[in-house]
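Fold and contact review
What follows is each chain in one-letter form.
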2 protein chains.
Amino acid sequence: MRKQRHEVYRNCPVEAALDIVGGKWKAILLFHILEGTKRFNELGRLLPGLTQRMLTTQLREMEADGVIARTVYPQVPPKVEYSITPFGRTLEPLLRELALWADAHVKPRLGEP
Amino acid sequence: MRKQRHEVYRNCPVEAALDIVGGKWKAILLFHILEGTKRFNELGRLLPGLTQRMLTTQLREMEADGVIARTVYPQVPPKVEYSITPFGRTLEPLLRELALWADAHVKPRLGEP
DNA sequence: CAGAATCCCATCTGATACTG
DNA sequence: CAGTATCAGATGGGATTCTG
């Protein structure tokens, strides 16, 4: 689903949107970050089953897409915070629609992790 | 992104939603089918660059997900029509939100194919 | 017309181990 | 704490050829 950053735009805009939200963990990560700034391991704890490697790459891609911001506090031990950007905020209606649909039509099995 | 039909539900519902809409061509195919029943090659003509193989697999998956219906007319030459199901219709608000966001925020490059 | 069958490679993801 | 590095397996998507 992810391509070289500009192949994305060569196709239709809808595809670019899915590219931003469609990653394996991106939507769920965004839900959490939309609620408030989160630290790296905090996100990790929220998503059991998500490896550090995946967490890193998904966050990095979203940062590159400009939907989240990464703030490093130069201290020991290190502290890094991830927050939503104004651009990321524009995804809120879409994400809400996504959650609405999911809750209404997929629910049968489990609640949100 | 696609897994064994029940691994999907083991995770969160949002993931299942993305699984239905997130395929490379699914969203765009759904937009077209939502507008009205379409034949196989008709869809193919609407999406230049989409191979028959991809068209087939994406349609089959969406059929399995219950969002579209496949109707075969037993005649020569064959005629197969794809239409939206009531369940598929429930995706309309989400798809609309998707298109809205995409048009508003990705537009810079190209119009919809 | 509407596909099925193969082949094949580029990613994506996951598991594991190591580090400033 | 917040990553990086490496490796291996699974998946996705495309090209091509064949057919009822």
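Model, not experiment: these values are computed from the prediction. (Residues numbered from 1 in each chain as written. Chains lettered and ligands numbered in written order. Predicted model: local features only at pLDDT ≥ 70, side-chain atom pairs only at ≥ 80, totals over all residues. Heavy atoms only, no water.)

1. Points about the confidence of the model for chain A
All names here are of chain A.
- Residues of chain A with pLDDT of at least 70 account for 84%, and the chain-wide mean is 87.
- In the model, residues 4–10 has pLDDT below 50 throughout and makes eight contacts with residues more than four positions away in sequence or in other chains.
- Low pLDDT, under 50, characterises residues 109–113; the stretch is placed with eight contacts to residues that sit more than four places away or in other chains. (pLDDT = per-residue confidence, 0-100. Contact = heavy atoms within 4.5 Å.)

2. Here we look at the packing of aromatic side chains
- All told, the structure shown has two aromatic pairs over all chains when counted by the stated rule.
- With a centroid separation of 5.8 Å and 45° between ring planes, the pair formed by Phe87(A) and Trp101(B) is classed as tilted. With Phe87(A) in helix α6 (residues 86–89) and Trp101(B) in helix α7 (residues 92–105), the pair connects residues from two separate chains.
- Residue classification places Phe87(A) among the partly exposed residues on the basis of a relative accessible area of 26%.
- We note Lys79(A) situated over the ring of Tyr73(A); from NZ or CZ to the ring centre the distance is 5.0 Å. (Phe/Tyr/Trp six-rings, centres within 6.5 Å; stacked < 30°, edge-to-face > 60°. Helix = DSSP H or I, 4+ residues; strand = E, 2+ residues; numbered from the N terminus. Buried < 20%, exposed > 50% of the residue type's maximum accessible area, 1.4 Å probe, protein only. Lys NZ or Arg CZ within 6 Å of the ring centre and 35° of its normal.)

3. Topic: the sheet that holds strand β1 (residues 38–39) of chain A
All names here are of chain A.
- The three strands are arranged β1-β3-β2 in an open sheet whose pairing can be described as antiparallel. Bordering the open sheet on either side are β1 and β2 (68–73), each of which pairs with just one other strand.
- As paired elements, β2 and strand β3 (residues 79–84) share six bridges and run antiparallel to each other. Within the sheet, the bridge partner assigned to Tyr73 lies in β3 and is Lys79.
- Relative to the sheet, helix α3 (residues 26–35) contacts β1, β2 and β3, its axis offset from that of β3 by approximately 95°.
- On top of the sheet, helix α5 (residues 52–64) reaches β2 and β3; it is set at about 115° to β2, its chief contact. (Pairing = 2+ DSSP bridges. Axes fitted to C-alpha atoms, helices over the stretch in contact; angles between N-to-C directions.)

4. Focus: the side chain of Thr85(A)
Residues and elements named next belong to chain A.
- Along the polypeptide, Thr85 turns up in the loop between β3 and α6.
- Look at Thr85 and you get buried, because its relative accessible area is 13%.
- Within the structure, the side chain of Thr85 is placed 2.6 Å from the backbone oxygen of Gly66, a separation counted as a polar contact.
- Non-local contacts of Thr85, meaning those with residues more than four positions away in its chain, are made with Gly66, Val67, Ile68 and Ala69. (Polar contact = N/O pair within 3.5 Å; in protein donor to acceptor, adjacent residues only side chain to side chain.)

5. Concerning the pairing of β3(A)
Residue and element names in this part refer to chain A.
- Counting buried residues along β3, five of its six residues qualify, which places the element largely inside the surrounding structure.
- With two bridges joining them, β1 and β3 adopt antiparallel strand pairing. When the sheet's bridge partners are listed, Lys38 is paired in β3 with Tyr82.
- Joining the antiparallel neighbours β2 and β3 is a turn of five residues.

6. As for the pattern of salt bridges
- Scanning the model with the defined rule gives six salt bridges over all chains in all.
- Here Lys26(A) ties to Glu61(A) by a salt bridge, and the two come within 2.7 Å at their closest N and O atoms. Here Lys26(A) is found in helix α3, whereas its partner Glu61(A) is found in helix α5, with 35 residues between them in sequence.
- Residue classification places Lys26(A) among the buried residues on the basis of a relative accessible area of 1%.
- Glu61(A) sits in the partly exposed class, given a relative accessible area of 23%.
- Note that Glu81(B) is salt-bridged to Lys79(B), the shortest N-O span being 3.8 Å.
- Look at Glu81(B) and you get buried, because its relative accessible area is 19%. (Salt bridge = Lys/Arg side-chain N within 4 Å of Asp/Glu carboxyl O.)

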